[in-house]
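Below, each chain spelled out in residue letters.
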Amino acid sequence: MRKLTLIAACAGLLAGPALADPMEGVWKTKPDDNGHFGHIKVSECGPAVCGVLVKAFDSSGKPIKSENVGKRIIWDMKPQGGGKYAKGKIWSPDRNKTYNSKMQLNGNQLSVSGCVLGICRNGGTWTRVQ
């Protein structure tokens, strides 16, 4: 019985990476109102996915320093099945607004949109970096 428990525990540890959320990874945002864009690292956070800004770039693609690097951009985004994510929040640094958001994953593209106080914004399509 002890051996069976050990085998089951090992199988569970090995299955973890195989069950990773398909949205996990680094995503390049579309340019914001200032022409800047960022790389968002998306990972699981409990039953949802979250994302943090890990790099910022100017309109020419040159890395820039930003006080927003390290800040949470996506949180509480829950998988709905079929590549759809909803019921989460996205913070837009260029407008300093938090949107009730949804996302649609299609291969290496992620369509992002959200609303705040009845005003909706299309966040465009992000592309997978890694």
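Our structure's up above, just so we're on the same page.
None of the values given here were measured: they were computed from a predicted structure. (Residues numbered from 1 in each chain as written. Predicted model: local features only at pLDDT ≥ 70, side-chain atom pairs only at ≥ 80, totals over all residues. Heavy atoms only, no water.)

Some points on the state of the cysteines
Phase 1: The full count for this structure, using the stated rule, is 2 disulfides.
Phase 2: The partner cysteine of Cys 115 in its disulfide is Cys 120, sulfur to sulfur 1.9 Å. An S-S torsion of about 100 degrees defines the bridge between Cys 115 and Cys 120 as right-handed.
Phase 3: Cysteine pairing in the chain follows 1-2, 3-4, where each cysteine in a disulfide is numbered by its order in the sequence. (Disulfide = S-S within 2.5 Å.)

Points about the pairing of strand β2 (residues 37-45)
Phase 1: Inspection of the sheet shows strand β1 (residues 25-28) paired to β2 by 4 bridges, in the antiparallel sense. Looking at β2, one finds that Gly 25 is bridged to Val 42.
Phase 2: As paired strands, β2 and strand β3 (residues 48-57) are joined by 9 bridges and run antiparallel to one another. Paired with Ile 40 across the strands is Leu 53, a residue of β3.
Phase 3: Linkage of β2 to β3, two consecutive antiparallel strands, is achieved through a turn of 2 residues, within which Gly 46 is found at a positive phi near 70 degrees. (Pairing = 2+ DSSP bridges. Helix = DSSP H or I, 4+ residues; strand = E, 2+ residues; numbered from the N terminus.)

What to know about the nonpolar core
Phase 1: Counting residues in each nonpolar core, the largest one holds 19 residues, and the members touching the most others are Met 23, Ile 74, Met 103, Leu 110 and Trp 126.
Phase 2: For this core, the secondary-structure elements that each account for two or more residues are β2, β3, β5 (72-81), β6 (84-92), β7 (97-106) and β8 (109-116).
Phase 3: For this core, the element with the highest residue contribution is β5, accounting for 4 residues.
Phase 4: If we skip the residues at most four places from it in the chain, Ile 74 touches Ile 40, Val 42, Val 49, Cys 50, Gly 51, Lys 89, Ile 90, Met 103 and Trp 126. (Core = buried A, V, L, I, M, F, W, Y, C linked by side-chain atoms within 4.5 Å. Buried < 20%, exposed > 50% of the residue type's maximum accessible area, 1.4 Å probe, protein only. Contact = heavy atoms within 4.5 Å.)

Considering the packing of aromatic side chains
Phase 1: The tally for this structure, following the rule as stated, stands at 1 aromatic pair.
Phase 2: Each ring, one from Phe 37 and one from Phe 57, has its centre 4.9 Å from the other, and the planes form 10 degrees; the classification is stacked. Remark: Phe 57 occurs in strand β3 and Phe 37 occurs in strand β2; sequence separation between them is 20 residues. As far as the burial class goes, Phe 37 and Phe 57 line up, both buried.
Phase 3: Across from the ring centre of Phe 37, 4.6 Å away, lies the NZ or CZ of Lys 28, which sits over that ring.
Phase 4: For Arg 72, the ring lying beneath its charged end belongs to Trp 75, and the centroid distance is 4.1 Å. (Phe/Tyr/Trp six-rings, centres within 6.5 Å; stacked < 30°, edge-to-face > 60°. Lys NZ or Arg CZ within 6 Å of the ring centre and 35° of its normal.)

A closer look at the environment of Lys 87
Phase 1: Relative to the assigned elements, Lys 87 resides in strand β6.
Phase 2: A residue is classified by how much of its surface remains accessible, and Lys 87, at 63% relative accessible area, is exposed.
Phase 3: Distance in space between the C-alpha atoms of Lys 87 and Asp 76 is 6.9 Å, their sequence separation being 11 residues.
Phase 4: With near-sequence residues (within four places) excluded, Lys 87 lies in contact with Asp 76, Lys 78, Gln 80 and Ser 101.

Some words on the environment of Asn 100
Phase 1: Here Asn 100 lies in strand β7.
Phase 2: Spatially, the C-alpha atom of Asn 100 lies 6.0 Å from that of Gly 88, the residues being 12 residues apart in sequence.

Keep in mind that these numbers describe shape and distance, not what the molecule does.
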